[in-house]
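# Breakdown of the fold
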Amino acid sequence: MKKVAFYTLGCKVNQYETEAMLELFEKEGYEKAETEDYADVYVINTCTVTHMSDRKSRQYIRRMKKKNPDAIIAVVGCYSQVSPEEILSIDEVNLVMGTNDRKKIVEEVKKIDASRKVSTVDDIMKVKAFEEIEINKTNGKTRAFMKIQDGCDRYCSYCIIPYARGGKVRSRDMESIVNEAKTLAENGYKEVENLASNGYKEVVLTGIHVASYGKDIKDSDIKLLDVIKQINDIEGIERIRLSSVEPILFTDEFVEAVSTMDKVCPHYHLSLQSGCDETLKRMNRRYTTAPPTNAPANCATIYPGTMLHAKLPSAASAMVNAGLKLAPDAAPKIKAGTSTARPQASVIWTAPAPFMPDLFRLTLATTPSPNRMRIMVPTNSAIYGVIINTPS
């Protein structure tokens, strides 16, 4: 039996697509090999957000070809979409596919051998329909990613993603989403009964710009909130999470609605990017720190008594402390920490809801990058977080 191994870089969407492509290979009789093991086919699902991911892709390609000179090396994903000729020029690469038509990967692999080089990358800007490559199971996990959307039409000034994933929003059909969620729940509970292992009790809704779900569906008012409501009603699914979303999604209406759904985990990754309106304008982020797009303030309204957690370079802690003087009720606790890259300081403080918007905006605007900030929201006895990334 032939073996296939996957090496996945990047976001949750890539992880989902790797699972889907693996199922396609398994249906054709291939056996899964671990990432570093001997295989007949190696598939590298690439990311191109950073130069580091590009380099990791090239290193893996060369390492696996040494392990099996007769293996077929297939490179797919964002890096290959934006730089197909560059990847095809790598001696060890046989097949280059982009971010569309991954459902044809087994077919394309069967057409070639280790001596041939082929690229099937097309113009992603012309793609208008969501590509259905569903999954029925996840390998060794109890949390299943579900891709419900592709493409991004936001065109932030620093971002390559619209050129890698397409500049048109493409939403998955609601019925397809619900059917996949039901299948995952059913397969997961079957595993629990027969193999005494964990089932798929948790789904993570993911996409390239998941907050835009439904934008492309004509004559319909379906939005992301409708998807969440539908999955919240599925028996067997116990937890629902969202992948990274833009703060503009978190209106009072949205936050209030999801707070009433018992399966939705109040743990949100918000790509806030900056607390400076001028910086947001230069980034073409299309929102400001003012209501109603101030997501931290909207969350604090529903979840009062919020704890803010920031990891910053040690040198930034003095600036944070200086900023906190404007919010005397926010008592900071400074913890020194270390990092392989640079010394870190973990700054933790609790602020009543009324202080959150100004405190949050001030800290983001005055601390140097790179840094990561997290709003911790206490719900019952558990602590969850609203994670906000600022530019590096």
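Owing to the predicted nature of the structure, the values given are computational and were not obtained by experimental measurement.

## Things to note about the overall build of the protein chain
For the protein chain, the helix and strand inventory stands at 13 helices and 16 strands. Scored against the burial criterion, the 392 residues of the protein chain give a buried share of 52%. Across the protein chain, contacts joining residues at least 24 apart in sequence account for 70% of those joining residues at least 6 apart. Total accessible area on the protein chain stands at roughly 18300 Å², and carbon and sulfur atoms take up 51% of it.

## Points about the nonpolar core
Membership of the largest hydrophobic core comes to 39 residues, with the highest contact counts inside it found for Leu205, Ile228 and Ile231. Those elements that provide at least two residues to this core are α1 (12–27), β7 (143–150), α7 (174–195), β9 (202–207), α8 (224–232), β10 (239–242), α9 (252–259) and β11 (268–270). The greatest single-element share of this core, amounting to six residues, is contributed by α7. When near neighbours in sequence (up to four residues on either side) are disregarded, Ile231 contacts Met146, Ile177, Val203, Leu205, Ile237 and Ile240. In this structure, Tyr60, Ile73, Ile87 and Val96 belong to the second largest nonpolar core, which totals 19 residues.

## Description of the layout of surface pockets
The computed volume of the second largest pocket comes to approximately 420 Å³. Forming the boundary of the second largest pocket are 21 residues, of which Ala211, Tyr213, Lys223, Leu224 and Leu249 lie nearest the centre. Put simply, the parts of the chain that give the lining of the second largest pocket at least two residues each are α8 and α9. Per-element accounting of the lining of the second largest pocket gives the leading share, four residues, to α8. Of the residues in the lining of the second largest pocket, the class split is eight nonpolar, five polar and eight charged.

## Structural notes on the sheet that holds β9
The four strands lie next to each other as β8-β7-β9-β10, forming an open sheet whose pairing is mixed. Edge strands, defined here as strands with exactly one partner in the open sheet, are β8 (170–171) and β10. One ladder, built from two bridges, connects β7 with β8; its direction is antiparallel. When the sheet's bridge partners are listed, Gln149 is paired in β8 with Ser171. Across the sheet, α1 is in contact with β7 and β9; its angle to β7 comes to roughly 105 degrees.

## Some details on the confidence of the model for the protein chain
Per-residue pLDDT for the protein chain has a mean of 75; in total, 69% of the residues score no lower than 70. Scored below 50 in pLDDT, residues 189–198 shows 13 contacts in the model against residues more than four places distant or in partner chains.

## Observations concerning the pairing of β7
Among the eight residues in β7, seven count as buried, and that is most of the element. Here β7 pairs with β9 via six bridges, running parallel. Following the sheet pairing, Ala144 is matched in β9 by Val203.

## Some points on the packing of aromatic side chains
Ring pairs (aromatic) are described by centroid distance and by the angle formed between their planes. Taken as a whole and judged by the stated rule, the model has six aromatic pairs. Arranged with centres 6.0 Å apart and planes meeting at 75 degrees, the rings of Phe6 and Phe25 form a pair that is edge-to-face. With Phe6 in strand β1 (residues 3–8) and Phe25 in helix α1, this pair connects stretches of sequence that are 19 residues apart. Each member of the aromatic cluster is reached from another via a ring pair, and the members are Phe6, Phe25 and Tyr30.

## A closer look at the pattern of salt bridges
All told, the structure shown has 21 salt bridges when counted by the stated rule. Ionic pairing is found between Arg239 and Glu202, a salt bridge with its closest N-O pair at 2.6 Å. Of the two residues, Arg239 is situated in strand β10 and Glu202 in strand β9; the sequence distance between them amounts to 37 residues.

## Observations regarding a nonpolar patch on the surface
A cluster of nonpolar residues, Tyr155, Ile160 and Tyr163, forms a patch on the protein surface that exposes about 270 Å² of accessible area. With respect to the helices and strands, Tyr163 occurs in helix α6 (residues 161–165). Look at Tyr163 and you get partly exposed, because its relative accessible area is 46%.

## Quick look at unusual backbone geometry
With phi around 50 degrees, Tyr155 is a residue other than glycine that occupies positive phi space. Unlike most non-glycine residues, Arg286 shows phi in positive territory, near 65 degrees. When you line up the elements, Arg286 lands in the loop between α10 (277–282) and α11 (295–302).

## What to know about the side chain of Thr206
Inspection of the secondary structure puts Thr206 in strand β9. Not counting residues up to four positions away in its chain, the partners in contact with Thr206 are Lys12, Val13, Phe145, Met146, Lys147, Ile148, Gln149 and Ser243.

## A closer look at the sheet that holds strand β5 (residues 95–96)
Spatially, six strands are ordered β2-β1-β3-β4-β5-β6 in an open sheet, and the strand pairing comes out parallel. Looking at strand neighbours, the two that pair on one side only are β2 (31–33) and β6 (118–119), the edges of this open sheet. Direction of pairing for β1 relative to β2: parallel, over a ladder of three bridges. Residue Ala5 lies in a different strand from β2, and its bridge partner there is Ala33. Running over the sheet, α1 touches β1, β2, β3 (41–46) and β4 (72–77) and is turned about 175 degrees from β1.

The rules behind these values
Residues numbered from 1 in each chain as written. Predicted model: local features only at pLDDT ≥ 70, side-chain atom pairs only at ≥ 80, totals over all residues. Heavy atoms only, no water. Helix = DSSP H or I, 4+ residues; strand = E, 2+ residues; numbered from the N terminus. Buried < 20%, exposed > 50% of the residue type's maximum accessible area, 1.4 Å probe, protein only. Contact = heavy atoms within 4.5 Å. Areas by Shrake-Rupley, 256 points an atom, 1.4 Å probe, with all protein chains shown as cover. Core = buried A, V, L, I, M, F, W, Y, C linked by side-chain atoms within 4.5 Å. 1 Å grid on protein atoms, 1.4 Å probe; cavity = no way out; pocket = protein on both sides within 12 Å on 5 of 7 lines; lining within 4 Å. Points joined across faces, edges and corners; volume = space filled by probe spheres on them. Nonpolar A, V, L, I, M, F, W, Y, C, P; charged D, E, K, R; others polar. Pairing = 2+ DSSP bridges. Axes fitted to C-alpha atoms, helices over the stretch in contact; angles between N-to-C directions. pLDDT = per-residue confidence, 0-100. Phe/Tyr/Trp six-rings, centres within 6.5 Å; stacked < 30°, edge-to-face > 60°. Salt bridge = Lys/Arg side-chain N within 4 Å of Asp/Glu carboxyl O. Patch = residues over 30% accessible without salt bridge, like charges linked within 9 Å, V, L, I, M, F, W, Y side chains within 5 Å.

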